[in-house]
Amino acid sequence: MPHDPHTSALWFELTSLVRQSDPGAYARGLELYRSQRGLELNSDPLPDYWLVYGDVQGSQRQPYELSIEVRLDKKGQLLDWDSDCTCPVGYQCKHGVALMIKAAYQGRRLLQGRGTPAPAPQPPTPEQVEAQRLAALAQRQHQRRCSQRR
């Protein structure tokens, strides 16, 4: 079950992910995350960025494998992210969004397990609340479109 962003400490702010993602990919990635399709998550600090990698179960029998370069500022804002996925889209896809959301919620735990200091948690800003509202709206619109096609 996903954590409540108002009570949990995020590794990076989801609003910055929303701003840097295609709205449809974000809505579908959020749906994948909520249905717990992100199977594995790991991260390694590199000199100029974090390497986040893992598996997300998609529509194929085998999970899709992802590697994502993540650049954060000291305040926990996502500067940019660059994903590669084994799915047909291959780049900045819904699987990448799902793994990034999982990283936002679980990245601090992974860092603390390694003794790596993580950014201090911040209360949600009005922009974060608005981004969550827009993501939920995009997801509802996507679900309506899918149900109309049936």
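All figures in this text were calculated on a predicted structure; none of them were measured in a lab.

## Side note on the overall build of the chain
Within the chain one finds 4 helices and 4 strands. Secondary structure elements of the chain, listed N to C terminal, follow the sequence α-α-β-β-β-β-α-α. A total of 150 residues make up the chain; the buried ones form 41% of that total. At a minimum sequence separation of 6, the contacts of the chain that also span at least 24 residues come to 55%.

## Remarks on the nonpolar core
In terms of nonpolar packing, the biggest core is built from 32 residues, with Phe12, Leu14, Leu17, Tyr26, Val52, Met100 and Ile101 touching the most fellow members. Breaking this core down by element, the ones donating at least two residues are helix H1 (14-19), helix H2 (23-34), strand S2 (50-56), strand S3 (64-72), strand S4 (78-85) and helix H3 (94-113). Of the residues forming this core, the biggest block, 8 residues, is contributed by H3. Leave out the neighbours within four places in its chain, and Leu14 touches Tyr26, Ile101, Ala104 and Tyr105.

## Description of H2
Over its 12 residues, H2 extends 16 Å from the first C-alpha to the last, a length consistent with the 16 Å expected when each residue adds 1.5 Å. Every buried residue belonging to H2 is among Gly24, Ala25, Tyr26, Ala27, Gly29, Leu30, Leu32 and Tyr33, and all of these are buried. Where H2 starts, the residue carrying a side-chain oxygen 3.1 Å from the main-chain nitrogen of Gly24 turns out to be Asp22. Just past H2, the residue Gln36 takes up positive phi, approximately 60°.

## Regarding unusual backbone geometry
Although it is not a glycine, Gln36 adopts a positive phi angle of roughly 60°. Here Gln36 shows up in the loop between H2 and strand S1 (38-45). Residue class for Gln36 comes out exposed when judged on its relative accessible area of 52%. In this structure, Gln92 is a non-glycine residue whose phi angle is positive, near 50°. Tracing the backbone through its elements, the reader meets Gln92 in the loop between S4 and H3.

## Thoughts on the packing of aromatic side chains
Counting across every chain of the model gives 3 aromatic pairs. An aromatic cluster is defined as three or more aromatic residues linked by ring pairs; in this entry it consists of Trp11, Phe12 and Trp50.

## What about the pairing of S1?
Alignment of S1 against S2, held across 7 bridges, turns out to be antiparallel. Residue pairing in the sheet places Asn42 in a bridge with Tyr53 of S2. From the end of S1 to the start of S2, which pair antiparallel, there are 4 residues.

## A short note on the pairing of S2
Judged by how many residues are buried, S2 sits mostly within the fold: 5 of 7 residues are covered. Pairing geometry for S2 and S3, over 7 bridges, is antiparallel. What sits directly across from Asp55, in S3, is Glu65.

## Remarks on the environment of Leu39
With respect to the element layout, Leu39 can be found in strand S1. For the pair formed by Leu39 and Leu99, sequence separation is 60 residues and the distance between their alpha carbons is 8.9 Å.

## Comments concerning the sheet that holds S4
The 4 strands are arranged S1-S2-S3-S4 in an open sheet whose pairing can be described as antiparallel. Only two strands of the sheet have a single partner each, and these edge strands are S1 and S4. Between one strand axis and the next, the sheet turns through 20° on average, direction left out of account.

The rules behind these values
- Residues numbered from 1 in each chain as written.
- Predicted model: local features only at pLDDT ≥ 70, side-chain atom pairs only at ≥ 80, totals over all residues.
- Heavy atoms only, no water.
- Helix = DSSP H or I, 4+ residues; strand = E, 2+ residues; numbered from the N terminus.
- Buried < 20%, exposed > 50% of the residue type's maximum accessible area, 1.4 Å probe, protein only.
- Contact = heavy atoms within 4.5 Å.
- Core = buried A, V, L, I, M, F, W, Y, C linked by side-chain atoms within 4.5 Å.
- Expected span 1.5 Å × (residues − 1).
- Polar contact = N/O pair within 3.5 Å; in protein donor to acceptor, adjacent residues only side chain to side chain.
- Phe/Tyr/Trp six-rings, centres within 6.5 Å; stacked < 30°, edge-to-face > 60°.
- Pairing = 2+ DSSP bridges.
- Axes fitted to C-alpha atoms, helices over the stretch in contact; angles between N-to-C directions.

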